[in-house]
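Next come the chains, spelled out residue by residue.
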Amino acid sequence: MPANAEIPKLTHNRKEQVIRHEGYTVSYNSDYRIANWVAYELTEEEAKSKEAERTDKFIPDPFVQGATATNADYLRSGFDKGHLAPAADMKWSVKAMQESFYFSNICPQAPGLNRGIWKTLEDQARLWAIENNMVLIVTGPVIEPELKRLGKNQVGIPNTFYKVICTVVNNKPTGIGFLFENCDYKKTHLKSMAIPIDSVEKVTGIDFFYSFPEDLQKEMESKVEWRYWSF
C-alpha cells in the first residue's frame, strides 16, 4: 500500500491549508472556517483501544492560519458541533483525542444527522477496521459556493457531508462511499446510502486514494463490492 494512501487531492481550486495532527490530517478552508477534507488511517488496534477518554473541550486549532470557528458561533444555533474524524476513533492517544476537538475537525451538523445515521456510520467504520485490520477514511463537508453562514465568524453550514472508506483485502483495495444531506435520516438503513467512491468524487471535486496504481484505483472506486462490507 502506498505511504499516506489516505491523503486525497483537490481537483477544484479552493482555499487549502494542510495540517497534520497526531490522529488525522486536515485540509482547512479558511474561506468557510471548515475542512475541505479530513483523512486518517484507523487500525484494528486503534479501534479497540480505550487509552484516552473523551475530552469535550472544543478549541480553535492552533495551527490554523486565518479565521476559525469558536464555541460562540454554535451557541443557540440549533446545530451540533459535528466531528469529521470522530473522537471515538482517537481513544488510542490522549493527544489525538484532544486534537479531535479542534474546530478544524468540526462542522455545523443537524442534530438528527450527527446523532443518527452519521454516528451509525462512525460505529460501522470502527467495526470494519476491526474486521479488516485497518481502514483508510476520508470525510468532510461538500464545499459549494454561497453556503449559509453561522455566527460571528461566518462559519460555512454544509448542505451535504461525505465519507469514503477503503480497506485492502487479499492485497487489493476495495472501497465504499456515502453522501448525506445535512438533515435527520430517521430510520433510513445505512446500507441503502452506500455508493461507489466515483460518485462521491463527482460531487466533491476531490480525488480520493489517487496514490494507488491507476488500474486498482479505477476498479475500487467504480463499484461497491458488498461481500467486503458487513452491515
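In the block above lies the structure referred to throughout.
Residues numbered from 1 in each chain as written. Predicted model: local features only at pLDDT ≥ 70, side-chain atom pairs only at ≥ 80, totals over all residues. Heavy atoms only, no water.

Novice: Explain the overall build of the protein to me, using residue names and the numbers behind them.
Specialist: Of the regular secondary structure elements, the protein holds seven helices and 13 strands. Expressed as a percentage of the 231 residues in the protein, the buried residues total 56%. Put simply, 70% of the contacts in the protein that link residues at least 6 apart link residues at least 24 apart. Entry remark: accessible area of the protein is about 10,600 Å², with carbon and sulfur atoms responsible for 48%. In the protein, 28 positive and 31 negative side-chain charges are present, and the distance between their average locations comes to 6 Å. (Helix = DSSP H or I, 4+ residues; strand = E, 2+ residues; numbered from the N terminus. Buried < 20%, exposed > 50% of the residue type's maximum accessible area, 1.4 Å probe, protein only. Contact = heavy atoms within 4.5 Å. Areas by Shrake-Rupley, 256 points an atom, 1.4 Å probe, with all protein chains shown as cover. Lys, Arg positive; Asp, Glu negative; His and termini not counted. Charge placed at Lys NZ, Arg CZ, Asp CG, Glu CD.)

Novice: Explain the nonpolar core to me, and be specific about the residues and the numbers.
Specialist: The biggest cluster of nonpolar side chains holds 55 residues, and the ones touching the most others in it are Ile 165, Phe 178 and Phe 180. The element that contributes the greatest number of residues to this core is helix H5 (residues 117-132), accounting for six residues. In this structure, Phe 178 is in contact with Leu 121, Trp 128, Phe 161, Tyr 162, Lys 163, Leu 190, Met 193, Ala 194, Ile 195, Val 200 and Phe 231, ignoring residues within four places of it in sequence. In terms of nonpolar packing, the next biggest core, distinct from the first, is built from 20 residues, Ala 39, Val 138, Cys 166 and Ile 206 among them. (Core = buried A, V, L, I, M, F, W, Y, C linked by side-chain atoms within 4.5 Å.)

Novice: For the side chain of Ser 104, give the residues involved together with the corresponding values.
Specialist: Checked against the element boundaries, Ser 104 lands in the loop between helix H3 (94-99) and strand E6 (106-109). Leave out the neighbours within four places in its chain, and Ser 104 touches His 21, Tyr 24, Val 26, Tyr 28, Ala 35, Val 38, Asp 61 and Val 64.

Novice: Explain the pairing of strand E4 (residues 34-43) to me, and be specific about the residues and the numbers.
Specialist: Across the ten residues that make up E4, a large majority, eight, are buried. The pairing of strand E3 (residues 25-29) with E4 spans five bridges and is classified as antiparallel. Considered in E4, the bridge of Thr 25 is made with Ala 39. Hairpin geometry of E3 and E4 is characterised by an intervening segment of four residues between the two adjacent antiparallel strands and by a positive phi of about 65° at Arg 33. The pairing of E4 with strand E7 (residues 134-141) spans six bridges and is classified as antiparallel. By the bridge assignment for E7, Thr 43 is matched with Met 134. (Pairing = 2+ DSSP bridges.)

Novice: So what about the sheet that holds E4? Which residues, and what values?
Specialist: The antiparallel open sheet is built from seven strands, whose spatial order is E2-E3-E4-E7-E10-E11-E12. A strand with exactly one partner marks an edge of an open sheet, and here the two such strands are strand E2 (17-20) and strand E12 (194-195). Two elements, E7 and strand E10 (residues 160-169), share six bridges in a ladder whose sense is antiparallel. For Pro 141, the partnering residue across the bridge sits in E10 and is Phe 161.

Novice: Lay out the pairing of E6 with the relevant residues and their values.
Specialist: The alternating pattern of E6 places Ile 106 and Pro 108 and Cys 107 and Gln 109 on opposite faces, both of which are buried. Where strand E5 (residues 80-83) meets E6, four bridges bridge the pair, whose relative direction is antiparallel. Of the residues in E6, the one forming a bridge with Gly 82 is Cys 107.

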